[in-house]
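Breakdown of the fold
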Amino acid sequence: MATQIVIAQTTIDDEEKAQALALGPVEARLAACAHIDAPFTAVYRWKGQIETAKEWRISFKTTTERLAELEAWVAQQHPYEVPEWITLPVTGGSDAYLAWVVEETATA
């Protein structure tokens, strides 16, 4: 079962927007849950310049079946020109938790 579970991540520079980006997919059953990490400092190159920003990371727990819809939802709602979108395969975990992710992202 672990191979069908993924963690998808994005970042954003506003705490209220982070909460909205986390809540929407859970309400829509695109993700079983979303974690918002404490703010951190991001250092990156953008359009030839070194930038720094305070950002919040949002980690979604979802299934490979729901991943494309989650990605589309985040892309539509995210204000960044090029938002971070990274997916990480889950290679193990408690059977009960992994089953819960599958159950909570199931379509009706």
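Residues numbered from 1 in each chain as written. Predicted model: local features only at pLDDT ≥ 70, side-chain atom pairs only at ≥ 80, totals over all residues. Heavy atoms only, no water.

A short note on the side chain of His78
Examined against the element boundaries, His78 turns out to sit in the loop between helix H2 (64-77) and strand E5 (86-89). Using a relative accessible area of 7% as the deciding quantity, one classes His78 as buried. Among the polar contacts listed, one links the side chain of His78 to the backbone nitrogen of Tyr80, at a separation of 3.1 Å. Those residues in contact with His78, other than ones at most four positions away along the chain, are Thr10, Thr11, Ile12, Leu21 and Pro83. (Helix = DSSP H or I, 4+ residues; strand = E, 2+ residues; numbered from the N terminus. Buried < 20%, exposed > 50% of the residue type's maximum accessible area, 1.4 Å probe, protein only. Polar contact = N/O pair within 3.5 Å; in protein donor to acceptor, adjacent residues only side chain to side chain. Contact = heavy atoms within 4.5 Å.)

Some points on the nonpolar core
Of all hydrophobic cores here, the largest spans 14 residues; its most connected members are Ala8, Ile12, Ala18, Ile58, Phe60 and Leu70. At the level of elements, strand E1 (5-12), helix H1 (15-27), strand E4 (49-63) and H2 are the ones that each hand at least two residues to this core. Excluding anything up to four places from it in sequence, Ile58 contacts Ala8, Gln9, Thr10, Ile12, Ala18, Leu21, Ala22, Ala34, His35 and Ile36. Residues Ala32, Val90, Leu98 and Val101 belong to the second largest nonpolar core, which totals 5 residues. (Core = buried A, V, L, I, M, F, W, Y, C linked by side-chain atoms within 4.5 Å.)

A look at H2
Over its 14 residues, H2 runs 20 Å from end to end, which matches the ideal 20 Å to within 8%, given 1.5 Å per residue. Arg66, Leu67, Leu70 and Val74 are the residues of H2 that are buried. Those residues of H2 that are buried lie in contact with E1, H1, E4 and E5. (Expected span 1.5 Å × (residues − 1).)

Worth remembering: the numbers are spatial, not functional.
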